[in-house]
Amino acid sequence: YNQLFKFLRDKKFSEMRKWVADNSDEDTVSVYSNIYSKCIELLEPKSIPPFILTLARYQYQDAFVANKEINTVALLTELMGEVHWK
């Protein structure tokens, strides 16, 4: 996950998308839990509320999507643009 967070911080979309594809066999519940628990300490305090709201929305949507990989990439793309890293 450290590599993923570096891709998000540096806004490296292609690398992030590849990371998601390479880790697509991981259960999405674990992915969301890991992103939540590890990102909190890496974000500027003002970014934490929108981060949590965005994560919760995509986690809810995950139950209804046909392609979970696309949903995860969409989540990370949105986070890439809206959060500020320490």
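Rules behind the numbers
Per chain, the residues get numbers from 1 upward, laid out in the order the sequence is written. At least 70 in pLDDT is required for a residue's local features to be given in this predicted model, at least 80 for side-chain atom pairs to be given and counted, and no such filter applies to totals for whole chains, interfaces and linings, which use all residues. The side-chain quantities take in all heavy atoms of the structure and omit both hydrogens and water. Numbered from the N terminus, helices here are DSSP runs of H or I no shorter than four residues, and strands are runs of E no shorter than two. For every residue, the predictor assigns a confidence score, pLDDT, that lies between 0 and 100. Each residue is assigned to one of three classes by its accessible area relative to the maximum for its type, calculated with a 1.4 Å probe on protein chains only: buried under 20%, partly exposed between the two thresholds, exposed over 50%. Note: the arc covers the axis-to-C-beta directions of the helix. By the convention used here, residues are in contact when the closest approach between their heavy atoms is within 4.5 Å. Working definition: rings of Phe, Tyr and Trp (its six-membered ring) pair if their centres are within 6.5 Å, and the pair is stacked with planes under 30 degrees apart, edge-to-face with planes over 60 apart, and tilted otherwise. We define a polar contact as two N or O atoms separated by no more than 3.5 Å, with the added condition that, inside protein, one atom must be a possible hydrogen donor and the other a possible acceptor, whereas residues neighbouring each other in sequence contribute only through side-chain atom pairs. A helix's residues, less one, multiplied by 1.5 Å, set its expected span.

Engineer: I'm lost on the environment of aspartate 10 in this one. Help?
Structural biologist: Along the chain, the position of aspartate 10 falls in the loop between helix 1 (2-9) and helix 2 (13-22). Residues aspartate 10 and threonine 72, 62 residues apart in the sequence, show an inter-C-alpha distance of 18 Å.

Engineer: Can you walk me through the confidence of the model for the chain in this structure?
Structural biologist: Where the model shows low pLDDT, its predicted coordinates should not be examined in detail. Residues with a pLDDT of 70 or more make up 100% of the chain, whose mean pLDDT is 95. At the level of individual helices and strands, the chain shows its lowest average pLDDT in helix 3 (residues 28-39), which scores 93, and its highest in helix 2, which scores 98.

Engineer: Where do I start with helix 1 in this structure?
Structural biologist: For helix 1, the set of buried residues is Leu4, Phe5, Phe7 and Leu8. The arc that holds every buried residue of helix 1, seen down its axis, measures 155°, which confines them to one face. Against the buried residues of helix 1 lie helix 2, helix 3 and helix 5 (68-82). Lysine 11, located one to two residues past helix 1, shows a positive phi value of around 55°.

Engineer: What should I look at first to understand the packing of aromatic side chains in this one?
Structural biologist: Aromatic rings in a pair are described by how distant their centres are and how their planes are angled relative to each other. Following the criterion strictly, the structure yields four aromatic pairs and no others. Grouped by ring-pair contacts, the aromatic residues Tyr1, Phe5, Trp19 and Trp85 constitute a single cluster.

Engineer: Explain the side chain of threonine 28 to me, please; I cannot follow it from the model alone.
Structural biologist: Locating threonine 28 in the fold gives a position in helix 3. Within the structure, the side chain of threonine 28 is placed 2.7 Å from the side chain of aspartate 62, a separation counted as a polar contact. Filtering out sequence-adjacent residues up to four positions away, threonine 28 remains in contact with Asp62, Lys68 and Thr72.

Engineer: Explain helix 5 to me, please; I cannot follow it from the model alone.
Structural biologist: Residues that lie three or four places apart on an α-helix share one face, since the helix turns once every 3.6 residues. Taking 1.5 Å per residue as the helical rise, helix 5 with its 15 residues ought to reach 21 Å, and the 21 Å between its terminal C-alpha atoms agrees with that figure. The complete set of buried residues in helix 5 reads Asn71, Thr72, Val73, Leu75, Leu76, Leu79 and Met80. The backbone nitrogen of glutamate 69 lies 3.0 Å from a side-chain oxygen of the residue at the head of helix 5, namely asparagine 67.

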